[in-house]
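Architecture and fold: a report
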Amino acid sequence: MHTKKYGIYGGQFVPELLMPALEDLESEYNKFSKNPDFLKDLTYYLTDFAGRKTPLYYARNLSKKYGIKIYLKREDLVHGGAHKLNNTIGQALLAKYMGKKRIVAETGAGQHGTATSMAGATLELDTLIYMGSKDVKRQMTNVQRMKMLGSGVKAVETGSKTLKDAINEALRDWVTNIETTHYLIGSVVGPHPYPMIVRDFQSVIGNEVKKQILEKEGRFPDSIVACAGGGSNAIGIFYPFINENNVKLFAVEAGGNSMQVTDKAAMHSASMCSGEIGILHGACTKVLQNREGQILESHSISAGLDYSGVGPELAYFAENGRVSPCNVTDNEALNAFHELCFTEGIIPALESSHALAYVMKNAKSGLLGDLVVVNLSGRGDKDLNTVINITGDSYENC
Amino acid sequence: MKIAEKFEELRENKESALIAYICAGDPDSHVTKSAVETLVEGGADIVELGLPFSDPIADGPTIQEASDRAIRKGMNPDKYFELVKSLSVKVPLICMTYYNIIHKYGIRSFVDSCIEARISGIIVPDLPIEESTELKQCCENNNIDLIHLISPITNDERLKKILNNSSGFLYLISQTGVTGSDSNIDSGLESLIKKIKKYTDTPVAVGFGISNLSQVRNIISYGADGVIAGSVFVKTIASGKNMEHELLQIAKELKMGTRHD
C-alpha cells in the first residue's frame, strides 16, 4: 500500500466501483511496460508520429541577454504542439494492449483533448472528450480540431463548468463503462497508478535532456525550470534528474492576478505555493480549498495551468525540498511570451511562458547558476487570441 | 437510535428498510428540515443526509446540482450539524459526505460533532477500505457505523476485506455508474446479494438508480434488507412543486415495496 503513495501524498480516494479498474490498470501497466512489443510500438509512435526526439536548443540571444547559458527543451515541436502527446500515445497504446475499445479524457483548454484525439484516431479507439461548457466556448478551435480528428466532444454543464468538472464527468463515465473504457487522464494527477504512469510516459523528456546536455556541455545543468499546473511536463523533465542533487529543480506555478483567495475562488493556481493538504480527484495532494474543505475555482491566464490541485508526487518533492515551487504572475508570463517571440523567433505557450518568466526574473541573481534548461512544453499558436485580447495586436511597446 | 437496532426492529415487523437520501441545505436548511420530517412520515426508516462537497465524483448530475445549490446557499459542516441537531425525527440519521470535507474538519472533531448531533453512521463514497483505517478506528471508538460500499464488480478478495470491516449495513451499488442513473435491476444482483449474505450477517441495502415500487419489490425479493433512494427525492425537492405532498407520496410508494407479505 505504501508504494501507492509518495509520503502522505497520492493514494486512491475513489468510489469502490473504480478500485477493481485501478488494480487492473496497475497490473496491466506493470506487465506491458516491460513487454518488448509494446515498447517497440511506443518507440515507433514516439519517433515517427510524435517526432521525437525533440531538440535541446541553445537560445543564443536569450543567453547573451541574461549572461547565463539557457537551453530550451523543444516540446513545442512535438506533433500537436505540446508534450501532451507523449502521454496520450503511451496510454492509448496501453488501452489497446489491454483490449479496451474506447477511451475518454478530460480537457481544459483542449490541448490534452486534441492529443488524445490524435492518439485515438491513429490507434483506432472510439474517443470521447469531456470539456467544461465554459471552455468549449473559449476554445472553439480546439473543439473543432478534436471533432475533425473523429472524437466526440461533450460539454460539461455542472459545477464551475471548467477542467475540474470535466475530470469529475470523465470519472463518472469511466465508472459507468468500466468494462470497455480506459480513462486517459491528462496529467500526473488522479488516483494511483495514474500519477506514476503519466510520469513514466513523460520522463522521455528528461531522459533525452540528460543525454543531450552531456553531449553539448559535458555536464548536467545547474537548474531545470518547468511550469506546473497538474505538473506532467515538470515531473517529466525533473524525474530523470531526481537523484542528481546538484541539479536544482524549479516548478513554476501560475501566480495569476494575485495570490489572493476568496471563499469561492483563488486569483491564482499556485497549489504547491499556497494550497493545503486535501483530497481531490482521487489523490491526497496540495489543493486550493476554503476553510470548509470546498475546492476553490482557480485562475490563470494560461488554461493549461488553471487547476486547483497538483500531482501528488510533485507535492511530495516540494515538501521534502527536492523541487522548489515558485510562481510568476499573468503579466510576467505575458511579457516573457513576447520576449521569446522577439528574441528567439519562437512563440511559446502561455504555460511555458511561466517557466521562461521565472528564468528571466532570476537569471541575474545567481539563483539558477550558469547553465539552465527550460522546458518549453508547448507552442503558443493556441494562445494568440488570449494574448491579442489583452495586449492588442500592436506590439511596439514590448 | 443505532442502525443495527433499526434493522432488528424491521425484521421483527417483517419489513425491510427504506433509506432516503437528500442533500442538506438544498435549497435551504428550513426546507431540508421539513423534507426529512415528511420522508419519515412517509415511511423512511433511516435518513441519509448529504453534507455537500464541490466535487462529488460518485454522484450523478442530480445530486451534483443539489450540492452546488446547497453550497451556494452557504451550507457548511457547522450549519449541517446545527441542522441535524434541530431534527426531532426518531429514525437513525446517516451523514453522507466526501473525504476532503472530513479531512479538512479534522477526523476526530468530525466524529465528535457527529456524536453530538446524534448521527448513527457515516458514508464516504470516495474512501475505499484501504484508505479508511483512521476514520474507521475513530468511528469504532465512538460507536458510530462507518458504512462501506460494495459494487457488482468488487472481486471476492476485496469483498471479504470489506465484509470483515462492515458495520451498520453494507451499501450495495446496484450497477456500474453514478447515483441517479437509469437502473436495470437484474438477476445478477440476486446472486450477488445471496453471495454476500453467505459471508455476513450485516444487513445489505441496495442503492443507485432506485426510483419506483417495482424495483423495490424486486430488490427485496432478492433478499436485500433495504433499499436506498436519493435522486428521486432530490429531483422532487428541486422541482419545488407540491414538494411535501410529492415526497410523501413517493416515500409511501417505495415503503410499500419493503413490506414482506
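It should be noted that the structure appears before, not after, this text.
Presented here is an overview of the structure given in this document. This structure is a prediction, so every number in the text was calculated from the model and none was measured. Counting of residues starts from 1 at the beginning of each chain's written sequence and follows it residue by residue. Think of it this way: whatever chain is written first is A, whatever ligand is written first is 1, and the rest follow in order. Totals for whole chains, interfaces and linings use all residues, but because this is a predicted model, local features are given only for residues with pLDDT of at least 70 and pairs of side-chain atoms are given and counted only at 80 or more. Values shown for side chains rest on all heavy atoms present in the structure; no hydrogens or waters enter the calculation.

**Remarks on the overall build of chain A**
This is how the line gets drawn: In DSSP terms, a helix is any run of H or I states spanning at least four residues, a strand is any run of E spanning at least two, and both are numbered starting from the N terminus. Note that the radius of gyration is over C-alpha atoms, with the globule rule given as 2.2 Å times the number of residues to the power 0.38. The rule is simple: take the accessible area with a 1.4 Å probe, protein chains only, and divide by the maximum for that residue type; under 20% is buried, over 50% is exposed, in between is partly exposed.
Within chain A one finds 16 helices and 14 strands. For 398 residues, the compact-globule estimate of 2.2 N^0.38 gives 21 Å, and the C-alpha radius of gyration of chain A, at 19 Å, lies within 12% of that figure. Based on the C-alpha atoms only, the size of chain A along its principal axes is roughly 55 × 50 × 40 Å. A burial count over chain A gives 64% of its 398 residues as buried.

**Some words on the environment of V47(B)**
Residue and element names in this part refer to chain B. Just so we agree on the cut-off: A contact between two residues is defined here by any heavy atoms of the two lying within 4.5 Å.
Within the secondary structure, V47 is located in strand 2 (residues 46-50). In this structure the C-alpha to C-alpha distance between V47 and I228, which are 181 residues apart in sequence, comes to 9.3 Å. Those residues in contact with V47 that sit more than four places away from it in its chain are A20, V36, V40, V91, P92, L93 and I94.

**Quick word on the interface of chain A and chain B**
Formally: A carboxyl oxygen of Asp or Glu within 4 Å of a side-chain nitrogen of Lys or Arg is what we treat as a salt bridge. Pairing of N or O atoms within 3.5 Å defines a polar contact, subject to two protein rules: one partner must be a possible hydrogen donor and the other a possible acceptor, and residues neighboring in sequence count only if both atoms are side-chain atoms. Three classes are used: nonpolar for Ala, Val, Leu, Ile, Met, Phe, Trp, Tyr, Cys and Pro, charged for Asp, Glu, Lys and Arg, and polar for all others, with Gly counted as polar.
Taken together, the contact pairs 35 residues of chain A with 39 residues of chain B. Inspection of the chain A/chain B interface yields five salt bridges. The partner of E23(A) in a salt bridge is R158(B), with the nearest N and O atoms 3.3 Å apart. Taken together, the links from chain A to chain B amount to 20 residue pairs in polar contact (both at pLDDT 80 or more). Put simply, the parts of the chain that give the side of chain A that touches chain B at least two residues each are helix 1 (19-32), helix 8 (163-176) and strand 11 (276-280) of chain A. Per-element tally for the side of chain A that touches chain B: the top contributor is helix 8 of chain A, with six residues. Along the lines of polarity and charge, the residues of the side of chain A that touches chain B split into 14 nonpolar, 12 polar and nine charged.

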